[in-house]
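These are the residues of each chain, in order.
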Amino acid sequence: METAPPMVLCTARFNPLVRTYLLWYVAFFLLVSIIGIPLLPFWLLGVGQWWSRHYFEKLECELTERALRFRKGILVQAEKTVPLENIQDVTFIEGPVLRHFQLSILKFETAGQSQGQAHDMELIGIIDAQALRQQMLHQRQVLLAGRNAAPPTNSTDVLLTEIRDALREISTKLDGPLVH
């Protein structure tokens, strides 16, 4: 039996300034590490521009009915799917450097993580990140409300009637009275 693929509710778009941010972010760490200073010209004039462009082109993020899927990477591609019901918190981060590049970070904390293990996911540079955050939290509520909803009364009544009848049959076979 073949299942239908999950319906995509939203596909995130990423701000092209992510490329510039990543280029300068790595350059900063090359600069502060004494060993990285000789590599800085190679990074800024070639390798870093190639890397940040290709990294940006591989970024993907989709919100489906049940999960958030994120894909990134150049040589080693990582794809992560987080069920919405496992997301405990979504943090919106915006600092002075990020604001300068008109970027923000969405950080997702998931259930079931043990202390010392970081299973958080961070998405940087999503255009209109607040709207994605709100849509994702809304869909999570819809999903959790549907999961916690009680079955219709008539099916519950049918199930309880079947259980009662089965208990009466067992009681009859054991020759004991059924407690009402």
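Use the structure listed above.
Participant: Before we go on, may I ask you to explain the packing of helix α1 (residues 17-32) against helix α2 (residues 40-58) in this structure?
Facilitator: At their nearest, the axes of α1 and α2 sit 9 Å apart, and the two run at 140° to each other. With respect to α2, the axis of α1 lies oblique. α1 and α2 meet at a crossing whose hand is right-handed. Facing α1, whose interface residues are Val18, Arg19, Leu22, Leu23, Trp24, Val26, Ala27, Leu30 and Leu31, α2 presents Leu40, Trp43, Leu44, Gly48, Gln49, Trp51, Ser52, Arg53, Tyr55 and Phe56. Partitioning the contact of α1 with α2 into residue classes produces 14 nonpolar, 3 polar and 2 charged.

Participant: Quick question: what am I supposed to make of the sheet that holds strand β1 (residues 8-11) here?
Facilitator: Adjacent strands of a sheet pair through backbone hydrogen bonds, lying either parallel or antiparallel. Taken in spatial order, the 4 strands line up as β1-β2-β3-β4 in an open sheet, and their pairing is antiparallel. Each of the sheet's edge strands pairs with one partner strand only, and the pair in question is β1 and β4 (78-83). The mean angle between the axes of side-by-side strands here comes to 15°, regardless of whether they run parallel or antiparallel. The pairing of β1 with strand β2 (residues 60-64) spans 3 bridges and is antiparallel. Its bridge partner being in β2, Thr11 is matched across the sheet by Glu62.

Participant: Would you mind showing me how to read the packing of aromatic side chains here?
Facilitator: Within a pair of aromatic rings, the relevant descriptors are the distance that separates the centres and the angle that separates the planes. Evaluated as defined, the whole model comprises 6 aromatic pairs. Judged by centre distance (5.3 Å) and plane angle (75°), the rings of Phe28 and Phe29 are edge-to-face. A relative accessible area of 47% means that Phe28 is categorised as partly exposed. Within the aromatic cluster, the residues linked to one another by ring pairs are Tyr21, Tyr25, Phe28, Phe29 and Phe101. Of note, Arg19 hangs over the ring of Phe56, and the distance from its end group to the ring centre comes to 5.1 Å.

Cut-off values and rules
- Residues numbered from 1 in each chain as written.
- Predicted model: local features only at pLDDT ≥ 70, side-chain atom pairs only at ≥ 80, totals over all residues.
- Heavy atoms only, no water.
- Axes fitted to C-alpha atoms, helices over the stretch in contact; angles between N-to-C directions.
- Helix = DSSP H or I, 4+ residues; strand = E, 2+ residues; numbered from the N terminus.
- Parallel < 35°, antiparallel > 145°, perpendicular 65-115°, else oblique.
- Left-handed = near helix turned anticlockwise from the far one by under 90°.
- Contact = heavy atoms within 4.5 Å.
- Nonpolar A, V, L, I, M, F, W, Y, C, P; charged D, E, K, R; others polar.
- Pairing = 2+ DSSP bridges.
- Phe/Tyr/Trp six-rings, centres within 6.5 Å; stacked < 30°, edge-to-face > 60°.
- Buried < 20%, exposed > 50% of the residue type's maximum accessible area, 1.4 Å probe, protein only.
- Lys NZ or Arg CZ within 6 Å of the ring centre and 35° of its normal.

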